[in-house]
Amino acid sequence: TSVPLPPLLSLRPLLILGGIGVGLLETAYPIFIRPRRTRWLWLAGVVGMHLGIALTMGLYLFSLVMIVLNLAGFGSQFHLPKPHRLFRLSRRQVRF
């Protein structure tokens, strides 16, 4: 369910940088998740990190729960457009 070890060992320098990046992301999380200017970047980083955890370690339920909790706590300012605004059909274009 997770990535086999031999392909990961060939990416050792990338894994070291990734580990340092995760450490910095998690350490600075309480500082940069609060301001609106940096929230979207930090939220994207945390969601990406948990997707990586799901794909490489096979911890799918943990990753899903953490992504949902982060989006519920800090993703409320990011809204999808309402369905009627996606298509922007005027009444003249819609004929029954």
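None of these values were measured; they are calculated from a predicted model.

A.B. asks: Requested: an account of the nonpolar core, with residues and values cited.
C.D. replies: Residues L25, A28, Y29, I33, W42, L43, V46, M49, I53 and F74 constitute the largest nonpolar core, which totals ten residues. For this core, the leading source of residues is helix α4 (residues 36–57), giving five residues. Sequence-distant contacts of M49, that is, excluding residues within four places in its chain, are made with V22, L25 and E26.

A.B. asks: So, the packing of aromatic side chains: which residues are in play, and what are the values?
C.D. replies: Taken as a whole and judged by the stated rule, the model has two aromatic pairs. Where Y29 meets F74, the ring centres are 6.1 Å apart and the plane angle is 85°; that geometry is what we call edge-to-face. With Y29 in helix α3 (residues 29–32) and F74 in helix α5 (residues 60–74), this pair connects stretches of sequence that are 45 residues apart. Judged on exposure class, the residue Y29 and its partner F74 are both buried.

A.B. asks: Please provide a residue-by-residue account of the side chain of S63, values included.
C.D. replies: On the secondary structure map, S63 appears in helix α5. Within the local environment of S63, its side chain forms a polar contact with the backbone nitrogen of A54, the two atoms lying 3.3 Å apart. Engagement of the side chain of S63 in a polar contact is seen with the backbone oxygen of L59, the distance being 2.9 Å. Once you skip the residues sitting within four places of it in the chain, S63 turns out to touch H50, I53 and A54.

A.B. asks: How would you sum up a nonpolar patch on the surface? Please name residues and give values.
C.D. replies: Taken together, the side chains of L61, L64, V65, V68 and L69 present a nonpolar region at the surface, about 490 Å² in accessible area. Note that V68 resides in helix α5.

A.B. asks: Residues and numbers for the packing of helix α2 (residues 12–27) against α4, please.
C.D. replies: Close contact between α2 and α4 brings their axes to 11 Å; oriented N to C, the two are set at 130°. The pairing of α2 with α4 is recorded here as oblique in orientation. Judged by the twist between their axes, the crossing of α2 over α4 is left-handed. Judged by residue contacts, V22, L24, L25 and E26 of α2 engage W42, G45, V46 and M49 from α4. When the residues that make up the contact of α2 with α4 are grouped by side-chain class, the tally is six nonpolar, one polar and one charged.

A.B. asks: Describe α5, with residues and values.
C.D. replies: The terminal C-alpha atoms of α5, which comprises 15 residues, lie 21 Å apart, in line with the 21 Å expected from a rise of 1.5 Å per residue. Those residues of α5 not exposed but buried are S63, I67, N70 and F74. On an axial view of α5, the arc spanned by its buried residues comes to 70°, and they lie on one face. When the buried face of α5 is taken as reference, the exposed residues oriented beyond 90 degrees from it are L61, L64, L69 and A72. Where α5 is buried, its residues meet α3 and α4.

So, how was this worked out
- Residues numbered from 1 in each chain as written.
- Predicted model: local features only at pLDDT ≥ 70, side-chain atom pairs only at ≥ 80, totals over all residues.
- Heavy atoms only, no water.
- Core = buried A, V, L, I, M, F, W, Y, C linked by side-chain atoms within 4.5 Å.
- Buried < 20%, exposed > 50% of the residue type's maximum accessible area, 1.4 Å probe, protein only.
- Helix = DSSP H or I, 4+ residues; strand = E, 2+ residues; numbered from the N terminus.
- Contact = heavy atoms within 4.5 Å.
- Phe/Tyr/Trp six-rings, centres within 6.5 Å; stacked < 30°, edge-to-face > 60°.
- Polar contact = N/O pair within 3.5 Å; in protein donor to acceptor, adjacent residues only side chain to side chain.
- Patch = residues over 30% accessible without salt bridge, like charges linked within 9 Å, V, L, I, M, F, W, Y side chains within 5 Å.
- Areas by Shrake-Rupley, 256 points an atom, 1.4 Å probe, with all protein chains shown as cover.
- Salt bridge = Lys/Arg side-chain N within 4 Å of Asp/Glu carboxyl O.
- Axes fitted to C-alpha atoms, helices over the stretch in contact; angles between N-to-C directions.
- Parallel < 35°, antiparallel > 145°, perpendicular 65-115°, else oblique.
- Left-handed = near helix turned anticlockwise from the far one by under 90°.
- Nonpolar A, V, L, I, M, F, W, Y, C, P; charged D, E, K, R; others polar.
- Expected span 1.5 Å × (residues − 1).
- Arc of directions from axis to C-beta.

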